[in-house]
Amino acid sequence: MSAFQWTRKDLLSLYDLEAEEISFILDTAAEFKKVSARQVKKVPALRGKTVVNFFFEPSTRTRVSFELAEQRLSADIVNVTASTSSLTKGETLLDTVRNIEALNVDLLVMRHPVPGAANFVAERVGASVVNAGDGAHSHPTQALLDLFTIREHKGRIKGLKVAIVGDIMHSRVARSNLWGLLKLGAEVTLVGPSTLAPKEFEDVGVKVCHNLEEAICDADVVNMLRIQRERQESGFFPSTGEYARFFGLNSHTARFLKKDALIMHPGPINRDVELSSELADGERSVILEQVTNGLAVRMAVLFLVAGCNKN
Ligand code: CP
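Being a predicted model, the structure only gives us computed values, none of them experimental. The written sequence of each chain sets the order in which its residues are numbered from 1. Local features in this predicted model are restricted to residues whose pLDDT is 70 or higher, and side-chain atom pairs enter the listing and the counts only when it is 80 or higher, whereas totals over whole chains, interfaces and linings include all residues. Values shown for side chains rest on all heavy atoms present in the structure; no hydrogens or waters enter the calculation.

(A) Region of interest: the overall build of the protein. Runs of H or I in DSSP of at least four residues are treated as helices and runs of E of at least two as strands, each being numbered from the N terminus. Broken down by element type, the protein carries 10 helices and 9 strands. As a reference, a globule follows 2.2 Å times the number of residues to the power 0.38, and the radius of gyration itself is taken over C-alpha atoms. Here the C-alpha radius of gyration of the protein, 19 Å, is about what a compact globule of 311 residues would show, namely 19 Å. Each principal axis of the C-alpha distribution contributes one length, and for the protein these read about 55 × 45 × 35 Å. Using a 1.4 Å probe on the protein chains alone, a residue whose accessible area is under 20% of its type maximum counts as buried, one over 50% counts as exposed, and one in between counts as partly exposed. Classification of the 311 residues of the protein by burial places 56% in the buried group. Contacts: residue pairs with any heavy atoms within 4.5 Å of one another. Pairs at least 24 apart in sequence give 73% of the contacts found in the protein among residues at least 6 apart. Summed over all atoms, the accessible surface of the protein reaches about 13,500 Å², with 51% contributed by carbon and sulfur. Here the accessible surface of atoms and residues is derived via Shrake-Rupley with a 1.4 Å probe, and residues count as covered only by protein chains that are part of the display.

Now the structure itself:
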């Protein structure tokens, strides 16, 4: 591993990070992935540290893998959900986290529906804050596990053509992926109906395309996003059937894919809407590998930020 020194207390967004820092997390994750292959899958790296997982939005993959990552690093863990906390009695988010911090907590892992919630907390507490998804803003560990999975398969990120398809507008996964991919030198195309993939995104250095077949024909990686009905205030396309016909990846549209293209999806999948079951479970799909790699990536992130907090 390189002599690079990690200096950040928090992980809030890939927009904040230099390419060298992203690569360092991926290299650290590769070391932690080896731990999960051992008979004893545990290391004492966070022994004596306490982690609180705040999940104020539903989650399966992120919540379970953060909790497993903390256990594998030997941390003490407490889980808090909004519905069972004093937030329901009107306590503010800041009061809630300050009270938790008064219990000598070292790390907060936080998923929240409001964009910027993790930044707001991180600027006001000494504990390290790891953003596990904040509204449509950022989901840095998802992008890191996506980069890790691409790098494992393709051996590099630089120069790859990556198409991110679907509900770009409401997607924290797309926003995080595009920063990570651009910083590491990939060419990114965002694909979707003009209502969900507006041309304004071209200002940050990506291509925007409204034709799936055109966008995926030379892609090395196709990352299919979930249609996020919970974040859409009104209809952005006429019907689910029409969305699936024009922007879904299925046996018809996949004819345009390169033979060695990777098919990715952050989950949860709307099967046979953005992605057919046949392709989600097919040989080009790396969707479950993404989940596996999420554990190693989250171990790396927790390990690195824990070394820099002020508690
Ligand atoms: N990809 C992702 O964030 O999944 P969950 O919402 O299940 O955590």
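(B) Examining empty space enclosed by the protein more closely. Note on definitions: the grid is 1 Å and covers protein atoms alone; a cavity is a set of points where a 1.4 Å probe fits but cannot get out; a pocket is an open set with protein on both sides within 12 Å along at least five of seven lines; lining residues have an atom within 4 Å of a point. Grid points are joined across faces, edges and corners, and a volume is the space filled by probe spheres set on the points. Within the structure shown, the criterion is met by 1 cavity of 30 Å³ or more. Quantified by volume, the largest cavity comes out at close to 60 Å³. Around the largest cavity, the lining residues are Arg61, Ser65, Gln142, Leu145, Pro266, Gln290, Val291 and Arg298. Sorting the residues of the lining of the largest cavity by element identifies helix 2 (61-72), helix 5 (140-154) and helix 10 (287-306) as the ones contributing at least two each. Looking at the lining of the largest cavity, the element that brings in the most residues is helix 10, giving 3 residues. For the lining of the largest cavity, a count of residues per class yields 3 nonpolar, 3 polar and 2 charged. Nonpolar residues are Ala, Val, Leu, Ile, Met, Phe, Trp, Tyr, Cys and Pro. Charged residues are Asp, Glu, Lys and Arg, and all others, Gly as well, are polar.

(C) Examining helix 1 (residues 19-36) more closely. By definition here, a helix of n residues has an expected span of 1.5 Å times n minus one. Compared with the 26 Å implied by 1.5 Å per residue over 18 residues, the 26 Å span of helix 1 between its first and last C-alpha is a close match. Along helix 1, the residues classified as buried are Glu21, Ile22, Phe24, Ile25, Leu26, Thr28, Ala29, Phe32 and Val35. Lining the buried residues of helix 1 we find helix 5, helix 6 (172-183) and helix 10.

(D) The sheet that holds strand 7 (residues 207-209), seen in detail. Paired strands are those between which DSSP finds at least two bridges. Read across the sheet, 5 strands follow the order 7-6-5-8-9 without closing on themselves; strand pairing throughout is parallel. Each having just a single partner strand, strand 7 and strand 9 (262-264) make up the two edges of the open sheet. When strand polarity is set aside, the average angle formed by the axes of neighbouring strands in this sheet is 20°. Note that strand 6 (residues 187-191) and strand 7 share 3 bridges and pair parallel. To define axes, lines are fitted to C-alpha atoms, for helices over the stretch in contact only, and angles between the resulting N-to-C directions are given on a 0 to 180 degree scale.

(E) Seen up close, the environment of Arg98. Mapped onto the elements, Arg98 comes out in helix 3 (residues 93-101). When the C-alpha atoms of Arg98 and Phe120 are compared, they prove to be 12 Å apart, with 22 residues separating the residues in sequence.

(F) Here's a closer look at the nonpolar core. Think of a nonpolar core as a cluster: buried Ala, Val, Leu, Ile, Met, Phe, Trp, Tyr and Cys residues, connected wherever their side-chain atoms sit within 4.5 Å. Core analysis: the largest hydrophobic core is formed by 62 residues, its most contacted members being Leu144, Ile164, Leu181, Leu190 and Leu302. Sort the elements by how many residues they give to this core and helix 10 lands first, with 10 residues. In contact with Ile164, other than residues within four places in its own chain, are Ala174, Asn177, Leu178, Leu181, Val188, Thr189, Leu190, Val191, Asn223 and Leu225. In terms of nonpolar packing, the next biggest core, distinct from the first, is built from 26 residues, Val222, Tyr243, Phe247 and Leu257 among them.

(G) Expanded view of the sheet that holds strand 1 (residues 50-55). Ordered in space as 2-1-3-4, the 4 strands form an open sheet in which the pairing is parallel. Of all strands in the sheet, those with a lone pairing partner are strand 2 (76-81) and strand 4 (128-134), marking the two edges. On average, adjacent strands in this sheet sit at an angle of 15° to one another, irrespective of strand direction. Two strands pair when backbone bridges link them, and strand 1 and strand 2 are joined in this way by 6 bridges, in the parallel orientation. Its bridge partner lying in strand 2, Phe55 is registered against Thr81. Along the sheet, helix 2 contacts strand 1, strand 2, strand 3 (107-112) and strand 4; its crossing angle with strand 1, the most-contacted strand, is approximately 175°.

(H) Region of interest: the site of the ligand. The criterion for a residue being near a molecule or strand is simple. One of its heavy atoms has to lie within 4 Å of it. Surrounding the ligand, one finds Ser59, Thr60, Arg61, Thr62, Arg111, His139, Gln142, Pro266 and Gly267. Identification of polar contacts relies on pairs of N or O atoms within 3.5 Å, with a donor-acceptor requirement for protein atoms, meaning one able to donate a hydrogen and the other able to accept it, and with residues adjacent in sequence counted only if both atoms are side-chain atoms. One of the side-chain nitrogen or oxygen atoms of Gln142 is found 3.0 Å away from a nitrogen atom of the ligand. Being in a pocket or cavity means that more than half of the molecule's atoms lie within 2 Å of its grid points. In this structure, the ligand is accommodated by the largest pocket.

The values are spatial; any link to function lies outside them.
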